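# Structural overview for review
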Amino acid sequence: MILQALKDYYDRRQRASSPQDRLPAFGLEEKEIPFVIEIDAEGRLVNLADTRTVEGKKKIGQRFLVPQGIKKTSGVAANLLWDTAEYVLGVPDEKKLDENRRKNKEADYHQRLSEMRAAFRGRIADLPASAQEDIGVRAVLAFLDSMDIKQLETLPAWPDILATNPQMTFRLHGDMELVCQHPAIVDATAQTTEEIPDGICLVSGNPMVIERLHPAIKGVWGAQTSGANIVSFNLDAFNSYGKSRGANAPMGKPATFAYTTALNHLLARDSRQRIQVGDASTVFWAEQANDLETALPDLFGEPPKDDPSRGTDALKVLYRAVQSGKFTNGSATDRFHVLGLAPNAARIAIRFWETASALDLAKRIACHFDDIKIARAPHDPEHLSLFRLLTSLAVQGKADNIPPNLGGEVMRAILEGLTYPAVLLNLAVQRNRAEQKPNYARAAIIKASLNRLIRRTHNEKEFMVMLDPTNTHPAYLLGRLFATLEKIQEEASPSLNATVRDRYYGAASSTPVAVFTTLLRLHNHHLGKLSKGRAVQMERLVGEIMGGLDDFPRILALPDQGRFALGYYHQRQAFFTKSDTPTTNNPEESK
């Protein structure tokens, strides 16, 4: 199902009216090529073009369409008309040379370089006769046969080539296209093999030559930089029924090329159809171009600093589509796919896979944002990205400290309309206790988690966005009471560096009976420092809250600690409003 959907996406992009929107044709791939060797028709060196541009602290080479690279193992295998400097020029990589010197294998390394260079030339020489007549191919062969390393060593880029062993290719001087992009070469790479079919392709259902080694999938966060595979057996112990390598999911070469090309395009660094959700690299696409494709990165991702309202704008588009049942671009019935991938040794694990109509998926996503909506301070963003939610649960707020599977499980719950994983609520409560305070993101998580549980059991009233004075759950009331006692202390002693929250939040939210009797004794002392009118007002609020409590519980279970946090957060937000009453629901910043 996944591979079929990716193949369909590839076919959709191939039908695009604009050439810029099309994915590489069969036999080609996009590759970052930092250096292009420019030669004349006689094979003489004219220039060494450096295609790199500075992005941050890195130099990134320009991407070109080149013949598809082969799956390299430990042996010598060259790509067609492009490869590393070791293959193209036969020059050593300084790091590998030093390593082989330490192992006393320098002679073996130089022998391997000679084999690499011969393999590179041999791959060109094996082209069909029609391609051999191309002026560019003849020029490249002439260059390789008469190459002058001393001339190359005088070029400014030579030290970088020795240090980085970059990808290189050829271009005739004065041409815009690379030699490997000449029509004769493209036609030669697109020719299908004449081998006898040896299996049935899972995607097409037709007899075909089954691809044994699938091209690597790159761009999955945490996976090998050289790429990893979705389809493969890599050890004999995993083989069964006489099948090995890619035969566990038999696919013909065209279908294999299509799904790997589509997935690598979706996972590309500059792709607008991918987001990182914890350890899950998440991509999404529709059967036809749809607004949801461009909205998802803004809905779940962190907005850029130069456009902080992007997430909020995407939310508005989402709600309009849900309310009207229509999309500006695309149909509500378009099938939409979301795929989460995570690293797993040499292969890629499928973290989650969801397929639904665009409208159904939009409704589930809108439900998530409804669930996490909660009172906030003016400086807090209206749009809470998934990244911000997850980092609020991590130690020191660092993405590296997010539990590995959490992001994928949360995304699965959103896309399928399920209850959030229990660990989400657990972590929110634990971080509140560790930091002695519920913040905006964690309060949103707790509200959403509890409401989805309540929706399933129907045993209590759902929590509101703002303070709910009618909610009589003891844990919620205790949170409100704790916030009120803290507010009384703050107003009585405005110069305090630490409040009761800093000392007692953890105990108050887990073992109330051990703390609240002490806090209530202290609050009488604090009330004496307030003006008479304010003291009466606050004492009345304390009485109203305690009127719903029969007694202080000995212990609060973890879900009730979440209710305590919500009561505290809601009451704090209500205090900081421009109103005469302390229970008004229009929030400002809590302190």
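First things first, this report covers the structure right here in the doc. (Residues numbered from 1 in each chain as written. Predicted model: local features only at pLDDT ≥ 70, side-chain atom pairs only at ≥ 80, totals over all residues. Heavy atoms only, no water.)

### Description of the overall build of the protein
Each helix and strand in the protein was counted, giving 22 helices and 14 strands. Of all 591 residues assigned to the protein, the portion counted as buried reaches 50%. Within the protein, contacts between residues separated by at least 24 positions form 68% of all contacts whose residues are at least 6 apart in sequence. By element, 50% of the accessible surface of the protein is carried by carbon and sulfur atoms, the whole surface being about 28200 Å². For the protein, the separation between the mean place of its 73 positive charges and that of its 71 negative charges on side chains is 6 Å. (Helix = DSSP H or I, 4+ residues; strand = E, 2+ residues; numbered from the N terminus. Buried < 20%, exposed > 50% of the residue type's maximum accessible area, 1.4 Å probe, protein only. Contact = heavy atoms within 4.5 Å. Areas by Shrake-Rupley, 256 points an atom, 1.4 Å probe, with all protein chains shown as cover. Lys, Arg positive; Asp, Glu negative; His and termini not counted. Charge placed at Lys NZ, Arg CZ, Asp CG, Glu CD.)

### Comments concerning the sheet that holds strand β8 (residues 167–172)
Strand order in the open sheet made by the four strands is β3-β2-β8-β7, with mixed pairing throughout. In the strand order of this sheet, the two ends are held by β3 (45–50) and β7 (82–84), each with one partner. Across the sheet, the axes of successive neighbouring strands diverge by a mean angle of 30 degrees, strand direction being ignored. Strand direction decides the pairing type here: strand β2 (residues 35–39) and β8, joined by five bridges, are parallel. By the bridge assignment for β8, I37 is matched with F170. Those strands touched by helix α6 (residues 135–145) are β2, β3 and β8, and its axis lies near 120 degrees from that of β8. (Pairing = 2+ DSSP bridges. Axes fitted to C-alpha atoms, helices over the stretch in contact; angles between N-to-C directions.)

### Considering the side chain of N165
Mapping N165 onto the fold places it in the loop between α8 (158–164) and β8. Accessibility expressed as a relative area gives 11% for N165, which makes it buried. Looking at N165, its side chain comes within polar contact range of the side chain of E86, at 3.0 Å. The contact partners of N165, leaving out residues within four places of it in the chain, are T84, A85, E86, D93, K96 and D160. (Polar contact = N/O pair within 3.5 Å; in protein donor to acceptor, adjacent residues only side chain to side chain.)

### Observations concerning the environment of Y9
Its location among the elements puts Y9 in helix α1 (residues 2–14). The buried category is assigned to Y9, whose relative accessible area is 1%. C-alpha of Y9 to C-alpha of A258: the two residues are 249 residues apart in sequence and 8.7 Å apart in space. The contacts of Y9, once residues within four sequence positions are left out, are A262, H265, L266, Q273, W285, A286 and E293.

### A few points about the packing of helix α3 (residues 94–102) against helix α4 (residues 106–125)
Any two packed helices are characterised by how steeply their axes cross, that is the angle between the axes, and by the distance between the axes. Taken N-terminus to C-terminus, the directions of α3 and α4 make an angle of 140 degrees; their axes are 7 Å apart at the nearest point. Between α3 and α4, the interaxial angle falls into the category oblique. Seen from α3, the contacting residues are K96, L97, N100 and R101; seen from α4, they are E106, Y109 and H110. Residue composition of the contact of α3 with α4, by class: two nonpolar, two polar and three charged. (Parallel < 35°, antiparallel > 145°, perpendicular 65-115°, else oblique. Nonpolar A, V, L, I, M, F, W, Y, C, P; charged D, E, K, R; others polar.)

### Some details on the packing of aromatic side chains
Counted according to the given criterion, the structure contains 15 aromatic pairs. Plain terms: the ring middles of Y10 and F257 are 5.9 Å apart, the flat faces sit at 85 degrees to each other, and that makes the pair edge-to-face. Of this pair, Y10 sits in helix α1 while F257 sits in helix α10 (residues 253–267); the two residues are 247 residues apart in sequence, bridging distant segments of the chain. A relative accessible area of 1% means that F257 is categorised as buried. (Phe/Tyr/Trp six-rings, centres within 6.5 Å; stacked < 30°, edge-to-face > 60°.)

### Remarks on the nonpolar core
Formed by 95 residues in total, the largest nonpolar core has its most connected members in L299, F300, L318, I365, L386, F482 and F516. With ten residues, helix α18 (residues 474–492) is the single largest residue contributor to this core. Once you skip the residues sitting within four places of it in the chain, L386 turns out to touch V277, F300, V410, M411 and I414. Formed by 47 residues, the second largest nonpolar core is a distinct cluster that contains I37, L113, V137 and C180. (Core = buried A, V, L, I, M, F, W, Y, C linked by side-chain atoms within 4.5 Å.)

### Side note on the pairing of β3
As defined by bridge partners, β2 adjoins β3 across five bridges and the pair is classed as antiparallel. Within β3, the position partnered with I39 by the bridge is L45. Hairpin geometry of β2 and β3 is characterised by an intervening segment of five residues between the two adjacent antiparallel strands and by a positive phi of about 90 degrees at G43.

### Brief notes about unusual backbone geometry
Backbone geometry places L81, a non-glycine residue, at a positive phi of 65 degrees. Here L81 shows up in the loop between β6 (62–67) and β7. Judged by relative accessible area, which is 0%, L81 ranks as buried. Although it is not a glycine, N104 sits at a positive phi angle of roughly 60 degrees.

### Let's talk about the sheet that holds strand β14 (residues 347–357)
The strands making up a sheet associate through backbone hydrogen bonding, with each pair oriented either parallel or antiparallel. Here four strands make up an open sheet; going across it, the order is β11-β12-β13-β14 and the pairing antiparallel. The open sheet has two free edges, formed respectively by β11 (274–277) and β14, since each of these has just one partner strand. Ignoring which end each strand starts from, the neighbouring axes of this sheet average 25 degrees apart. One ladder, built from ten bridges, connects strand β13 (residues 335–344) with β14; its direction is antiparallel. Among the inter-strand pairings, L339 is bridged to a residue of β14, identified as W353. Helix α13 (residues 358–372) contacts β13 and β14 of the sheet and is inclined by roughly 105 degrees relative to β14. Contacting β11, β12 (280–286), β13 and β14, helix α15 (residues 406–416) crosses the sheet at an angle of about 15 degrees to β14.

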